[in-house]
Amino acid sequence: MSSHANTANHAHPNGDNFLTHSHGLRSWLFTLDHKRIGIMYLIAILTAFLLGGIFALLVRTELIAPGQTIMTPDTYNKMFTLHGAVMIFLVIIPGIPAALGNIVLPLMLGAKDVAFPKLNLLSFWLYVFGALFALLSIILGGVDTGWTFYTPYSATTNTAVIPVVTGAFILGFSSIFTGLNFIVTIQWMRPPGMTWFKLPLFLWAIYATAIIQVLATPVLGVTLLLLIGERLFHHGIFDPAIGGDPVLFQHFFWFYSHPAVYIMILPAMGVISELISTFSHKTIFGYKMIAYSSIAIAIISFLVWGHHMFTSGQSDLANMLFSVLTFLVAIPSAIKVFNWVATMYKGSIHLSTPMLYALSFIFLFGIGGLTGIPLATLATDVHLHDTYFVVAHFHYVMMGSAFVAFLGGLHYWWPKFTGKMYSETLGRWSAVLTFIGFNTTFFPQFLMGIQGMPRRYFDYLPEYTSYHVASTIGGFILAIAFSITAWCLLHSLFRGKPAPANPWGGATLEWTCPSPPPHTNFDETPIAGDPYDMTGIEYEGEEKGWVRKPAGTTA
Ligand code: HEM
Ligand SMILES: [Cu+2]
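Just so it is clear, the structure is predicted and the values come from calculations on it, not from any experiment. Throughout, residues of each chain are indexed from 1 in the direction in which the sequence is written. By the order in which they are written, chains take letters starting at A while ligands take numbers starting at 1. Given that the model is predicted, a residue must reach a pLDDT of at least 70 before its local features are reported, and side-chain atom pairs must reach 80 or more before they are shown or counted; all residues, however, enter totals for whole chains, interfaces and linings. Heavy atoms throughout the structure, all of them, feed into the side-chain values; hydrogens and water do not.

Participant: I'd like a rundown of the site of ligand 1, residues and numbers included.
Facilitator: For each residue, the test is whether any non-hydrogen atom lies within 4 Å of the molecule or strand; if one does, the residue is near. Close to ligand 1 lie 20 residues, the nearest being W147, D381, H385, H393 and R455. N or O atoms closer than or at 3.5 Å make up a polar contact, with two conditions inside protein: a donor-capable atom paired with an acceptor-capable one, and, for residues adjacent in sequence, both atoms drawn from side chains. In the environment of ligand 1, an oxygen atom lies 3.1 Å from a nitrogen or oxygen atom belonging to the side chain of W147. Interatomic distance of 2.7 Å between a side-chain N/O atom of R455 and an oxygen atom of ligand 1. Broken down by secondary-structure element, the contributors of at least two residues to the shell around ligand 1 are α8 (246–280), α11 (353–376) and α13 (388–418). With 5 residues, α13 is the largest single contributor of residues to the shell around ligand 1. Put simply, Ala, Val, Leu, Ile, Met, Phe, Trp, Tyr, Cys and Pro go in the nonpolar bin, Asp, Glu, Lys and Arg in the charged bin, and everything else, Gly too, in the polar bin. Taken together, the residues of the shell around ligand 1 sort by class into 11 nonpolar, 7 polar and 2 charged. Secondary structure elements follow DSSP: runs of H or I no shorter than four residues count as helices, runs of E no shorter than two count as strands, and numbering proceeds from the N terminus.

Participant: Summarise the packing of helix α10 (residues 316–344) against α11; cite the residues concerned and give the values.
Facilitator: It is at 10 Å that the axes of α10 and α11 come closest, and there the two elements cross at 160°. On the basis of their axis angle, the class for α10 and α11 is roughly antiparallel. Read as a crossing pair, α10 and α11 show a hand that is left-handed. From α10, S323, T326, F327, A330, S333, V337, W340 and M344 reach across to α11, where they touch M355, L359, F361, I362, F365, I373 and A376. Looking at the contact of α10 with α11 residue by residue, the classes come out as 12 nonpolar, 3 polar and no charged. Angular values range over 0 to 180 degrees, each being the angle between N-to-C directions of two axes fitted as lines to C-alpha atoms, with helices fitted over their stretch in contact. Throughout, the term roughly parallel applies to angles under 35 degrees, roughly antiparallel to angles over 145, roughly perpendicular to angles from 65 to 115, and oblique to all others. By the definition used in this description, the sense in which the near helix is turned from the far one sets the handedness, with an anticlockwise turn below a right angle giving left-handed and a clockwise turn giving right-handed. For this analysis, residues touch if any pair of their heavy atoms sits within 4.5 Å.

Participant: Report on the pattern of salt bridges, specifying residues and quantitative values.
Facilitator: Salt-bridge detection follows one rule: a side-chain nitrogen of Lys or Arg within 4 Å of a carboxyl oxygen of Asp or Glu. The final tally for this structure, using the stated rule, is 7 salt bridges. Two residues, K544 and E540, come together in a salt bridge whose shortest N-O distance is 3.9 Å. Between E540 and K549 there is a salt bridge, with its nearest N and O atoms 2.2 Å apart. Through salt bridges with shared partners, one network takes in E540, K544 and K549.

Participant: Which residues make up the coordination of the iron atom of ligand 1, and what values go with them?
Facilitator: Just one protein atom coordinates the iron atom of ligand 1, and that atom is H393 (NE2), at 2.1 Å. Donor criterion used throughout: N, O or S atom within 2.8 Å of the metal, extended to 3.2 Å for Na, K and Ca. Water excluded; incomplete-looking sites may result. A distance of 4.7 Å spans the gap from the iron atom of ligand 1 to the copper ion (ligand 2). Relative to the helices and strands, H393 resides in helix α13.

Participant: Tell me about the coordination of the copper ion (ligand 2), and please be specific about residues and values.
Facilitator: Protein coordination of the copper ion (ligand 2) is provided by H258 (ND1), H307 (NE2) and H308 (NE2), with donor distances spanning 1.8 to 2.0 Å. Here the donor residues of the copper ion (ligand 2) are spaced in sequence according to H-x48-H-H.

Participant: Lay out the environment of L384 in plain terms, naming residues and giving numbers.
Facilitator: Positionally, L384 belongs in helix α12 (residues 378–384). Residues L384 and A358, 26 residues apart in the sequence, show an inter-C-alpha distance of 29 Å. If we ignore the near neighbours within four places in the chain, the residues touching L384 are P374, L375, F389, V390 and I450.

Participant: Give a description of the packing of aromatic side chains that names residues and reports values.
Facilitator: Any pair of Phe, Tyr and Trp rings, taking the six-membered ring for Trp, is counted once the centres come within 6.5 Å. Such a pair is stacked with planes under 30 degrees apart, edge-to-face with planes over 60 apart, and tilted for the rest. As enumerated under the stated definition, the model contains 47 aromatic pairs in all. Ring geometry for F202 and W413: centres 5.2 Å apart, planes at 45°, overall tilted. Here the residue F202 occupies a position in helix α7 (residues 201–233), and W413 occupies one in helix α13, the gap between them amounting to 211 residues. Here the term buried applies to any residue with accessible area under 20% of the maximum for its type, exposed to any over 50%, and partly exposed to those in between, with areas from a 1.4 Å probe on protein chains only. Here F202 falls in the buried class, since its relative accessible area comes to 0%. Cation over ring: R36 sits above W28, and NZ or CZ is 4.3 Å from the ring centre. Over a ring means this: the NZ of a Lys or the CZ of an Arg is within 6 Å of the ring centre and within 35 degrees of the ring normal.

Participant: A description of the confidence of the model for the protein should follow, citing residues and the corresponding values.
Facilitator: What pLDDT conveys is the predictor's confidence in a given residue, as a value from 0 to 100. For the protein, mean pLDDT is 94; residues scoring 70 or higher make up 96% of the total. Note that residues 1–11 has pLDDT below 50 and, in this model, 25 contacts with residues that lie over four places away or in other chains.

Participant: Give me the lowdown on α7, citing residues and values where you can.
Facilitator: Helix span, as expected, comes to 1.5 Å for every residue beyond the first. Relative to the 48 Å expected for 33 residues at 1.5 Å per residue, α7 spans 47 Å between its end C-alpha atoms, a close match to the ideal helical length. Fitting axes to the seven residues ending at a residue and to the seven starting there, one defines the bend at that residue as the angle between these axes. At A216, α7 is bent by approximately 30°, the largest bend along its length, and proline P218 sits one to four residues beyond. Where α7 terminates, the next one or two residues include H234, which has phi positive at roughly 50°.

Participant: Which residues make up the nonpolar core, and what values do they have?
Facilitator: Ranked by internal contacts, the top residues of the largest apolar core, which has 156 residues, are F361 and W413. Ranked by residues supplied to this core, first place goes to helix α3 (residues 73–109) with 22 residues. If sequence neighbours within four positions are ignored, F361 has contacts with I265, A268, M269, I272, W340, G366, G400, S401, A402, V404 and A405. What is meant by a nonpolar core is a set of buried Ala, Val, Leu, Ile, Met, Phe, Trp, Tyr and Cys residues, joined one to another through side-chain atoms within 4.5 Å.

Participant: I'd like a rundown of unusual backbone geometry, residues and numbers included.
Facilitator: Cis geometry marks the peptide bond from T151 to P152; its omega dihedral reads 0°. The residue P152 is located in the loop between α4 (117–139) and α5 (153–156) in this model. In the segment running from S515 into P516, the intervening peptide bond is cis, with an omega of -15°. Locating P516 in the fold gives a position in the loop between α15 (465–495) and β1 (537–539). We note that H234 has phi near 50°; this positive angle belongs to a residue other than glycine. Structurally, the position occupied by H234 is in the loop between α7 and α8. Phi is positive for H281, close to 45°, though the residue is something other than glycine. Position of H281 relative to the elements: it lies in the loop between α8 and α9 (287–300). The class for H281 is buried, based on a relative accessible area of 19%.

Participant: I'd like a description of α3, backed by residues and values.
Facilitator: Counted at 1.5 Å a residue, the expected span for α3 with its 37 residues is 54 Å, and the 51 Å between its end C-alpha atoms agrees. In α3, a bend of some 70° at G95 exceeds every other bend along the element, and P97, a proline, comes one to four places later. With 32 of 37 residues buried, α3 lies mostly within the body of the structure. Looking one or two places after α3, you find G110, whose phi comes out positive at around 65°.

Here it is in structure tokens:
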């Protein structure tokens, strides 16, 4: 039996919480409080998302008709490069771990902070610094290599490759330090009672992600340094004109970037495990399998990079092995989906805003994951490679899954760290509209991809027009949906009702401390029980939220 504290509904004795604990800009910029660092990440990441979103809308507007619409081909190349680089390196990779993870991880552990608070602050500043470097390239005229920086083009183009690549290099350190910090925190700071198999699944996912961050990111760092070296000193590693091998760059790049896609999706899966259980008011089905599958995904993710290079002239044997290994990823992914559905089965499902995002995730990840299979199949990939089919695939997994899970998590933990409830009506509308806008944008891209529309092209044949028009309209629906989300959340800060400690009925430890939590989270280290034990958690109205009744007092 778990012994969660029951006092949580009452504000902290002296009314102190981490938001009011100290005042002034300096108290934020140099804070060592993981919650404040998480919030600063959140603001930075959402700002980057706004910027990346504007680039996306410009790209989609250009593509609404064949020929030139609003920008020149050169500007178009820079626009999709910036869009991709900003969204991947500044939004999706740090989104869940650095922002939500920072806010929630110590709370879920009943801990006062992460293991290395100063390193945490350093990670944040490295993020800001790296982002500024990357954006400096805009002032310097932009970059046109695509987010993949493929050589030899990236070694020879006269656009601002070096600042962006340096930015990505610095961001890599931010990611590595966050990973290290989280590994040590989860390893050493679990409270009494929290054995490995009592660890919330979000934390298993963060742990698995952190391992990838620490092991894969250095490879990207070295690769990017070599690329900078190639440009500055022409040492002939990647550029065939001076004796280099451009395919080597692809190997190095994907050796990081495939695992990186799991840096994006694993934490998302972790969020979904929490949401599905809480909003079904049921213990999670197949806890151990979900936990093991996170680790399995992390391991397999290192063995499949070659599936990005089936058409690069790689040997047939390598192609076959990478194809088979890629199919393996489907197994742990499917295990998770099965367990989420089984958790909902006969649950008492509440379609609150975060749950709508979770359901969207399951659907969109289903499509994103399944469309990976024809890409992993040699015969079909030769046709689909470098078409819009790939673009649709990775948007279903990165935006439809990882970003939607981020939004789900944001809405789930929002009342916890802001202390405010947002409007459920607005929240649900924006979740539904996001789902509609997303599918309108990206589903047509599968269809045109199958028919041969290449990715990254400025112009296209007239027969693709209707797909592009639909896709552009979808993009603007998404823009409306995100504006509603932003309004809904910002409005709650000023007008929202105060949030109870546990507004949703979650059983993990973060719901036992007040909303917003005090500076040091918990007065005493709580004793952890089963993180998905919902027995005795009952709803006591809007003001009190869900309260765990001591054993024996419930029917
Ligand atoms: C779950 C099973 C998955 C399978 C079997 C799979 C398979 C593949 C394959 C074979 C490709 C290469 C296609 C080509 O370029 O011809 C690919 C591309 C890609 N996938 Fe997946 N994938 C899966 C999940 C994911 C996830 C979860 C993410 C991200 C969160 C992701 C992100 C990407 C990206 C970003 C690319 C293309 C990058 C680029 O060329 O710009 N995939 N996927
Ligand atoms: Cu991959």
